[in-house]
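Spelled out from the first residue to the last, the chains are:
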Amino acid sequence: MKATDVIADGFGRIREIVHETVGGVPAELLNARVDPAANSITWLVWHLTRIQDDHIADAAGLEQLWQAGGWADRFALPLPAGATGYGHSARQAGTVRVDSGELLLGYFDAVHEQSLGFVRGLAAADLDRVVDERWDPPVTLGVRLVSVLADDLQHAGQAAFVRGVLERTRGS
């Protein structure tokens, strides 16, 4: 198995968790928070998608779909255009809301497809390319992709956990 196949498989696992967590869930539950400082399913899925969009687009030399695909306009969030959720306060996280899971899944799926297209076009040697020199040691493409996978899987798991807690506490 090629390294890029392993990475693509990882992105596929994120997709499975996101769809299982968001699919068929009413907006009320997606936007709910287990306490006033907690992240909602909406925020968690939006954030993991924004991070994937931001990091993959940068590594691939592409525009982020958030802006280029019109998703920022569709979400119409009261946040700066380039916001990814990194460093959000509880108040800012609470402003990330949707009217339906279809919007979240639409943006996620668009980013997922762009990410897979990029990863499937890579050769093993591409993973050694330095994509960020602000770190010591500099970050290679392979390390950046694993970082995105790890972050996204963590947030997808958190979203699934939040759904379970909310469904149990609300008797769904």
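Residues numbered from 1 in each chain as written. Predicted model: local features only at pLDDT ≥ 70, side-chain atom pairs only at ≥ 80, totals over all residues. Heavy atoms only, no water.

(A) Inspection of the overall build of the chain at higher detail. Summing up its helical and strand segments, the chain has eight helices and two strands in all. Overall, the chain shows an N-to-C arrangement of helices and strands of α-α-α-α-α-α-α-β-β-α. The buried share of the chain, reckoned over its 172 residues, is 47%. Element-wise, carbon and sulfur atoms account for 53% of the exposed surface of the chain, whose accessible area totals about 8700 Å². If you average the places of the 15 positive and of the 23 negative side-chain charges in the chain, the two averages end up 5 Å apart. (Helix = DSSP H or I, 4+ residues; strand = E, 2+ residues; numbered from the N terminus. Buried < 20%, exposed > 50% of the residue type's maximum accessible area, 1.4 Å probe, protein only. Areas by Shrake-Rupley, 256 points an atom, 1.4 Å probe, with all protein chains shown as cover. Lys, Arg positive; Asp, Glu negative; His and termini not counted. Charge placed at Lys NZ, Arg CZ, Asp CG, Glu CD.)

(B) Fine view of the packing of helix α3 (residues 41-60) against helix α8 (residues 141-169). Packing of α3 against α8 brings their axes to within 8 Å, and their N-to-C directions diverge by 170°. One finds that α3 runs roughly antiparallel with respect to α8. Note on element contacts: α8 touches α3 through Leu141, Arg144, Leu145, Val148, Asp151, Asp152, His155, Ala156, Gln158, Ala159, Val162 and Arg163, opposite Ile41, Leu44, Val45, His47, Leu48, Ile51, Gln52, His55, Ile56 and Ala59. (Axes fitted to C-alpha atoms, helices over the stretch in contact; angles between N-to-C directions. Parallel < 35°, antiparallel > 145°, perpendicular 65-115°, else oblique. Contact = heavy atoms within 4.5 Å.)

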